[in-house]
Amino acid sequence: MRVVSGIKPTGNLHLGNYLGAVKQWVALQHDVAAQGGESMFFIADLHAPTEWIAPAELADHTIEVAATMIAAGIDPAKSILFNQARVPAHSEMAWLLNTVARVGWLNRMTQFKDKAGKNREGASVGLYDYPVLMAADVLLYNATHVPVGEDQKQHLELARDIATKFNGDYGVDLFTLPAPLISKAAPRIMSLRDASAKMSKSNPSEQSVVKLIDSDDTIADKFRKAKTDPDVLPATVEELGDRAEARNLLTIYAALADSDIATVLGEFGGKGFGAFKPALADLAVAKLGPIRDEMVRLLDDRSAVTAVLQAGAEKARALAAPVLKRTQDAMGLQV
């Protein structure tokens, strides 16, 4: 079993990143190690420039995200943690897979349509080709499982299609078809101000997103002011119906508590948000505060974080080299 996944360095990670990805990775690294497998987590810095980002910001964000992952529990002794750009085989494999991927497949990718919007002709080729690089990221290591959010599941399906076509076109059994792992505890965390929108740092309202760098007081304040409805919490999940804000806050509580919504409703059913939101705020502070404190400590010595990434990249390069060579050989790139 080999688990591979990455996260873009877009600045301070938020609660949605943590519950939907990093927290899952922390649990996975222990389970995978116990089974004799391997976990690889990378900072997807090659994906970042597909949309403009200042060079200094990208460099800073890469270190900040790595520090956050370590603070949250990614253990470099149990997992390989690295930044993508330090393993050139990602870029080389992406080009080789570009010759197998089809334009029609990429035209169906909904995330490009969402990100490009009405400016499709002005979008970078990198943004359009993003899913092929993502395929290279996992096929390069013959990943068996890839933790992804719901919004990335289509990209993983594309990776499987590319792997299947390559194996068939060249008559080899080279690429493993990776299976998706989607967190059941918190598949998607929504904005605290609008539960129809995903939690995102790009939201203009600071109250909509809980950042992992936030102070205890700020975290508590954001949850106490989170948008809700006037009704009390129901006794069962079925009674929640279409109460999006209530469901979002219950999902967050359950994920932080390593529980489920039914159990949370067993404790808070019949109570109003005046009782529930302070309890949620206290739980969030208790869980997120130590991560923030450790992240701040790590960022006081950025060279140490860089050293962790460099060590991880060396291991990743060693694993990538034979797969890249076999891919080249299969295509006749042997001279």
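The rules behind these values
- Residues numbered from 1 in each chain as written.
- Predicted model: local features only at pLDDT ≥ 70, side-chain atom pairs only at ≥ 80, totals over all residues.
- Heavy atoms only, no water.
- Buried < 20%, exposed > 50% of the residue type's maximum accessible area, 1.4 Å probe, protein only.
- Helix = DSSP H or I, 4+ residues; strand = E, 2+ residues; numbered from the N terminus.
- Pairing = 2+ DSSP bridges.
- Right-handed = clockwise from strand over helix to strand, strands pointing away.
- 1 Å grid on protein atoms, 1.4 Å probe; cavity = no way out; pocket = protein on both sides within 12 Å on 5 of 7 lines; lining within 4 Å.
- Points joined across faces, edges and corners; volume = space filled by probe spheres on them.
- Nonpolar A, V, L, I, M, F, W, Y, C, P; charged D, E, K, R; others polar.
- Phe/Tyr/Trp six-rings, centres within 6.5 Å; stacked < 30°, edge-to-face > 60°.
- Core = buried A, V, L, I, M, F, W, Y, C linked by side-chain atoms within 4.5 Å.
- Contact = heavy atoms within 4.5 Å.
- Salt bridge = Lys/Arg side-chain N within 4 Å of Asp/Glu carboxyl O.

Novice: Which parts of the structure should I look at to understand the pairing of strand E3 (residues 79-83)?
Specialist: Successive residues of a regular strand alternate their side chains across the two faces of the sheet. Most of E3 sits inside the fold, with 5 of its 5 residues counted as buried. By the alternation rule, side chains of E3 split into Ser79, Leu81 and Asn83 and Ile80 and Phe82, which are all buried. Both strand E2 (residues 38-43) and E3 contribute to a ladder of 5 bridges, which runs parallel. Its bridge partner lying in E3, Phe41 is registered against Leu81. Traced from E2 through helix H2 (residues 55-72) to E3, the parallel crossover comes out right-handed.

Novice: Before we go on, may I ask you to explain empty space enclosed by the protein in this structure?
Specialist: A probe as big as a water molecule, rolled over the atoms, marks out the empty space that is left. Throughout the structure, instances matching the rule amount to 1 cavity of 30 Å³ or more. Approximately 50 Å³ is the volume found for the largest cavity. Met109, Gln111, Phe112, Lys115, Leu127, Tyr130, Pro131 and His155 are the residues that line the largest cavity. The residue makeup of the lining of the largest cavity, split by class, is 5 nonpolar, 2 polar and 1 charged.

Novice: Would you explain the packing of aromatic side chains in this entry?
Specialist: Working definition: an aromatic ring pair is given by the centre-to-centre distance plus the angle between the planes. With the rule as written, the count across this model stands at 10 aromatic pairs. Ring centres of Trp25 and Phe41 lie 4.9 Å apart, and the angle between their planes is 10°; this geometry places the pair in the stacked category. Taken together, the residues Trp25 in helix H1 (residues 15-34) and Phe41 in strand E2 connect sequence positions 16 residues apart. Note on accessibility: Trp25 and Phe41 belong to one class, buried. Pairing Tyr253 with Phe268 gives two aromatic rings, centres 5.5 Å apart and planes at 70°, and the pair type is edge-to-face. Separated by 15 residues along the polypeptide, Tyr253 in helix H9 (residues 244-256) and Phe268 in helix H10 (residues 261-268) bring together distant segments of the chain.

Novice: Explanation requested: the nonpolar core in the structure shown.
Specialist: A general feature of soluble globular proteins is that nonpolar side chains tend to end up buried together. Met69, Phe223, Leu256 and Phe276 are the most contacted members of the largest nonpolar core, which has 62 residues in total. Counting residues per element, this core draws most heavily on helix H11 (residues 273-299), at 12 residues. Contact partners of Met69, with chain neighbours within four places excluded, come to Ile7, Val22, Trp25, Phe41, Ile43, Ile74 and Leu81. Phe112, Leu140, Ala143 and Ala159 belong to the second largest nonpolar core, which has 47 residues in total.

Novice: Would you mind going over the pattern of salt bridges with me for this structure?
Specialist: As a working rule, side chains carrying opposite charge can pair if their charged atoms are close by. Applying the stated criterion across every chain yields a total of 16 salt bridges. Each of Glu206, Lys211, Asp214 and Lys222 takes part in salt bridges that share partners, so that together they form one network.

Novice: Can you help me understand the pairing of E2 in this one?
Specialist: The element E2 is largely enclosed, with a buried count of 5 among its 6 residues. Examined bridge by bridge, strand E1 (residues 2-7) and E2 share 6 bridges and lie parallel to one another. In the sheet register, Ser5 faces E2, and the bridge partner there is Phe41. Handedness of the β-α-β unit built from E1, H1 and E2 comes out right-handed.

Novice: What am I meant to see in unusual backbone geometry here?
Specialist: At Asn142, a position not held by glycine, the phi torsion is positive, near 50°. Judged by its relative accessible area of 16%, Asn142 falls in the buried class. Located in the positive-phi region is Asp258, a residue other than glycine, with phi close to 55°. Along the chain, Asp258 turns up in the loop between H9 and H10.

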